[in-house]
Amino acid sequence: MSEEMRWDIAQLVESTDPETIEAKLNEMVVEANGLAGKYRGKIRTLDAAGLLALLMAKDTFSLKYEGVSEYCSLRYSANSIDAVSKRLNEAVRQTGNKVGQALAFMEIELGDLLKANPSLVDDSKLDEYRHFIERIVRRIPHVMTEDLEKLTISKDQNGVSAWSQLQGDWLSTRRFKIMVDGVEKTMPYGEIISLYQSMDRALRQEANRVVYDGLGKDDIVWASAIRSVCADHMQMCEWRKYPSPMTQSLIDNDVEQEAIDVLMHTMESSVESYRRYLCLKAELMGLKKLGNWDITAPLPNMPEKKYTWEESKKEVVSAYKSFDPEWAEWVDEMYTHRHIDGEVRNGKRSGAFCATWLAGKSAWVLQSFNGQMGDVYTQAHELGHAVHAYMGGRYQKPSNYEIGSCIAETASVFGELLLTDRLLAEAKTRQEKQVILATVLDEFGMAAYQVSARIFFEQNMYESIKAGKFLDGETVSGLWTIERDKIYGDAVEWLPEMKWEWTMKPHYYIPNYRFYNYPYVYAQLFVFALYRLYKEQGIAFVPKMRALLAAGSSMSPVNLAKEMGFDVMKEDFWHKGIQQFDEFVDQLETTMKK
Ligand SMILES: [Zn+2]
């Protein structure tokens, strides 16, 4: 492997000497304590100028120590078996805890200040921080007294957190017996699920059957946990005066109920588009109908194209260049400045991510590049996040670059679509085109349609509790299959054991994380809609997209779209995304004609 595939994170620090780095981390704690000494107990009396000074000091502080903190965590991600990496990772973790504790008073006192003096939101001195302040103000009516907040933290430890822990521990200690190539194997959950992507159809089916049959046998455990987590949330909604079980999540994601209702209605009314694709995929696989074990399975008998690092770079840079030459320059810089770690090696964490480097107006990308088409897609995806970071670093302060889940995937998925068009234009055979289109359509199907079923399920659980139903395992499974079938209809054949699918999804049990799911749908459909609008408007669309990314989190997702001239409260906007999905399905159908 050549050096160009290894990142050079020394750029983040003045010196890579571990002692110097630890000294810098200590300095960070001292400076945080200094800020605390200056402001603790005094925030409640600040005027607009004083508040501005505080917020600027907070941003300066985070920019100053961003490099050293990032160096420690990136170094560990890239090599977790190196002794120095371990040591620095532990040091940065402890530093983070200490800084967090030292500055915890800020949020509480800021809340008190804005509660007593709500007109600060409109003070022109604070213009640059307006939306940051609006988000704090939105939380204020739902904060309880200090004693009740403390009590909540302590009851959660042995309440919702314990149920979540039980679900995780129970799942990870189950064992499943399955025949693989004539040999009986016993596998934990984390291992057997890799068989879902096997090229052997019968094995995929059996793996699904074995897992969900096994999970269904413990329905008392799962049902007790999910019922308690949901009931606890309903009670907390009363205490915190949330009008609906979704309110807390809407506040966290900085969106309005109205936008989500319109989004979900679009998904429900467009299920035929997805079912049409699923039927075409069945035909491509030589099947009458897909089984649930085929939905995301790879297409059989397809050519496998491999890419070198250079080839991948060329595809990705060219894809971005077709949209905006400056973006392409930045993306190219990510390679030439060695901000990407693509080398496959022992001790490196799995998966891929992009870490924003605001102080450097850049970013860092980690992936394990094996030369498959999926790796090229991952590269395009992560470099989209890097483009977002380039824009954010140039135009926003750290407080205005806390990108929420609805917007975070905008540039990354957009980049994937740019790559798709490029790869499709270059593909020489119909099979190559089919592999590309199935990749994109499968991803959208999972992130948008399948997740929609999960949202409908969660809504239905709360409605059932409100209606006084007791949620035992069979009842929860009944709700699950009703909502699942709303999306899939007759297009897929389900194993009867799949009614237990809800049991393994950790998100349903994670404390204070209700309705984690709609931002995925929002993000996918939002980007598909933007891509469609780009196709319609051509070059006139480019500055709108740039403005959206440059705005960071200085505006809510609804207002970001409004600035671009689009209304996410209207179904017309979201329907553009479905049109883009339909167009990809049309292209797939064309490749299948004799
Ligand atoms: Zn992403």
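Our structure's up above, just so we're on the same page.
Residues numbered from 1 in each chain as written. Predicted model: local features only at pLDDT ≥ 70, side-chain atom pairs only at ≥ 80, totals over all residues. Heavy atoms only, no water.

(A) Quick peek at the overall build of the protein chain. Of the regular secondary structure elements, the protein chain holds 23 helices and seven strands. Taking 2.2 N^0.38 as the reference for a compact globule, 594 residues should give roughly 25 Å; the C-alpha atoms of the protein chain span a radius of gyration of 25 Å, in line with that estimate. With respect to the principal axes defined by its C-alpha atoms, the protein chain has extents near 70 × 60 × 50 Å. The buried share among the 594 residues of the protein chain stands at 54%. Within the protein chain, counting contacts between residues at least 6 apart in sequence, those at least 24 apart form 76% of the total. For the protein chain, the accessible area works out to roughly 26,100 Å², and carbon and sulfur atoms hold 52% of it. One finds the centroid of the 70 positive side-chain charges in the protein chain at a distance of 1 Å from the centroid of its 87 negative side-chain charges. (Helix = DSSP H or I, 4+ residues; strand = E, 2+ residues; numbered from the N terminus. Rg over C-alpha atoms; globule rule 2.2 N^0.38 Å. Buried < 20%, exposed > 50% of the residue type's maximum accessible area, 1.4 Å probe, protein only. Contact = heavy atoms within 4.5 Å. Areas by Shrake-Rupley, 256 points an atom, 1.4 Å probe, with all protein chains shown as cover. Lys, Arg positive; Asp, Glu negative; His and termini not counted. Charge placed at Lys NZ, Arg CZ, Asp CG, Glu CD.)

(B) A look at the coordination of the zinc ion. For the zinc ion, the full set of protein donor atoms is His381 (NE2), His385 (NE2), Glu409 (OE) and Glu409 (OE), at a range of 2.1 to 2.8 Å. Every donor counted, the four donor atoms about the zinc ion form angles of 51 to 138° at the centre, which fits irregular coordination. Here the donor residues for the zinc ion map to a single chain with the spacing H-x3-H-x23-E. Here His385 is found in helix α15 (residues 373-395), whereas its partner Glu409 is found in the loop between α16 (405-408) and α17 (410-426), with 24 residues between them in sequence. (Donors = N, O, S within 2.8 Å, 3.2 Å for Na, K, Ca; no water. Tetrahedral: all angles 85-135°; square planar, octahedral: opposite > 155°, others 65-115°.)

(C) Quick look at the side chain of Thr95. Here Thr95 lies in helix α3 (residues 83-116). Given the relative accessible area of 6%, Thr95 is considered buried. Here the side chain of Thr95 touches Ala91 through a polar contact of 2.7 Å, landing on its backbone oxygen. Excluding anything up to four places from it in sequence, Thr95 contacts Leu25, Met28 and Val29. (Polar contact = N/O pair within 3.5 Å; in protein donor to acceptor, adjacent residues only side chain to side chain.)

(D) Representation of the sheet that holds strand β4 (residues 340-341). Spatial strand order, β4-β6-β5: three strands in an open sheet with mixed pairing. Edge positions in the open sheet fall to β4 and β5 (353-357), since each of these has one partner strand only. (Pairing = 2+ DSSP bridges.)

(E) Summary view of the packing of helix α14 (residues 325-336) against α15. It is the contact of α14 with α15, at a shortest axis distance of 10 Å, that shows an interaxial angle of 110°. As the angle between them shows, α14 and α15 are arranged roughly perpendicular. Considering how the two elements wind past one another, α14 and α15 form a crossing that is right-handed. On α15, the residues touching Trp327, Trp330, Val331, Glu333, Met334 and Tyr335 of α14 are Gln379, Leu383, Ala386, Val387, Tyr390, Met391 and Arg394. By residue class, the composition of the contact of α14 with α15 is 10 nonpolar, one polar and two charged. (Axes fitted to C-alpha atoms, helices over the stretch in contact; angles between N-to-C directions. Parallel < 35°, antiparallel > 145°, perpendicular 65-115°, else oblique. Left-handed = near helix turned anticlockwise from the far one by under 90°. Nonpolar A, V, L, I, M, F, W, Y, C, P; charged D, E, K, R; others polar.)

(F) Geometry of helix α13 (residues 309-321). The end-to-end C-alpha distance of α13 is 18 Å, a good match for the 18 Å that 13 residues give at a rise of 1.5 Å each. Considered for burial, the residues of α13 that qualify are Trp309, Ser312, Lys313, Glu315, Val316, Val317, Ala319 and Tyr320. In the core, the buried residues of α13 are packed alongside α14, β4, α15 and α17. (Expected span 1.5 Å × (residues − 1).)

(G) Summary view of helix α8 (residues 201-217). In this model, α8 (17 residues) spans 25 Å end to end at C-alpha, consistent with the 24 Å of a helix rising 1.5 Å per residue. All of the buried residues along α8 are Leu203, Arg204, Ala207, Asn208, Val210, Val211, Tyr212, Leu215 and Gly216. Those residues of α8 that are buried lie in contact with α6 (160-173), β1 (175-180), α7 (189-192) and α9 (219-239). N-capping of α8 is provided by Asp200, with a side-chain oxygen placed 3.1 Å from the backbone N of Ala202.

(H) Representation of the nonpolar core within the structure. In terms of nonpolar packing, the biggest core is built from 152 residues, with Phe414, Trp502, Phe526 and Phe541 touching the most fellow members. The element that contributes the greatest number of residues to this core is helix α18 (residues 430-466), accounting for 15 residues. If sequence neighbours within four positions are ignored, Phe541 has contacts with Phe323, Phe414, Leu530, Leu533, Tyr534, Met564 and Phe566. In terms of nonpolar packing, the next biggest core, distinct from the first, is built from 49 residues, Ile9, Tyr65, Cys72 and Leu74 among them. (Core = buried A, V, L, I, M, F, W, Y, C linked by side-chain atoms within 4.5 Å.)

(I) Molecular detail of the pairing of β5. Of all five residues in β5, four are buried, a share of seventy percent or more. Pairing geometry for β5 and strand β6 (residues 362-366), over five bridges, is antiparallel. Bridge pairing in β6 links Ala355 to Trp364. The hairpin turn running from β5 into β6, its antiparallel successor, is four residues long, and Lys361 in that turn takes a positive phi close to 50°.

(J) Fine view of the packing of α18 against helix α20 (residues 518-537). Orientation of α18 relative to α20, taken along the N-to-C sense of each, is 140°, at an axis distance of 8 Å. Here α20 runs oblique to α18, going by the angle between their axes. For the pair α18 and α20, the sense of crossing is left-handed. Seen from α18, the contacting residues are Val440, Glu443, Phe444, Ala447, Ala448, Val451, Ser452 and Ile455; seen from α20, they are Tyr518, Tyr520, Val521, Gln524, Leu525 and Phe528. Considered class by class, the residues forming the contact of α18 with α20 number 11 nonpolar, two polar and one charged.

(K) The arrangement of the pairing of β6 in detail. Of all five residues making up β6, five are buried, and the element is well covered by its neighbours. By the alternation rule, side chains of β6 split into Ser362, Trp364 and Leu366 and Ala363 and Val365, which are all buried.

(L) The arrangement of the state of the cysteines in detail. Evaluation of the coordinates by the stated rule reveals zero disulfides. The thiol of Cys72 is not disulfide-bonded; the next cysteine sulfur, from Cys354, is found 19 Å away. (Disulfide = S-S within 2.5 Å.)

(M) Expanded view of unusual backbone geometry. With a phi close to 50°, Asp181 is a non-glycine residue in the positive phi region. Even without being a glycine, Asn301 presents a positive backbone phi close to 55°. Among the secondary structure elements, Asn301 is positioned in the loop between β3 (290-291) and α13.

(N) Summary view of the pattern of salt bridges. A full pass over the atoms with the stated rule returns 43 salt bridges. Between Lys64 and Glu31 there is a salt bridge whose closest N-O contact spans 2.8 Å. Of this pair, Lys64 sits in helix α2 (residues 48-78) while Glu31 sits in helix α1 (residues 18-39), and the two are 33 residues apart along the sequence. Of the residues examined, Lys64 reaches a relative accessible area of 41% and is grouped as partly exposed. The class of Glu31 is partly exposed, set by a relative accessible area of 27%. The partner of Arg422 in a salt bridge is Glu426, with the nearest N and O atoms 2.9 Å apart. One end of the pair, Arg422, and the other, Glu426, are both in helix α17, four residues apart, so they sit about a helical turn from each other. Of the residues examined, Arg422 reaches a relative accessible area of 23% and is grouped as partly exposed. (Salt bridge = Lys/Arg side-chain N within 4 Å of Asp/Glu carboxyl O.)

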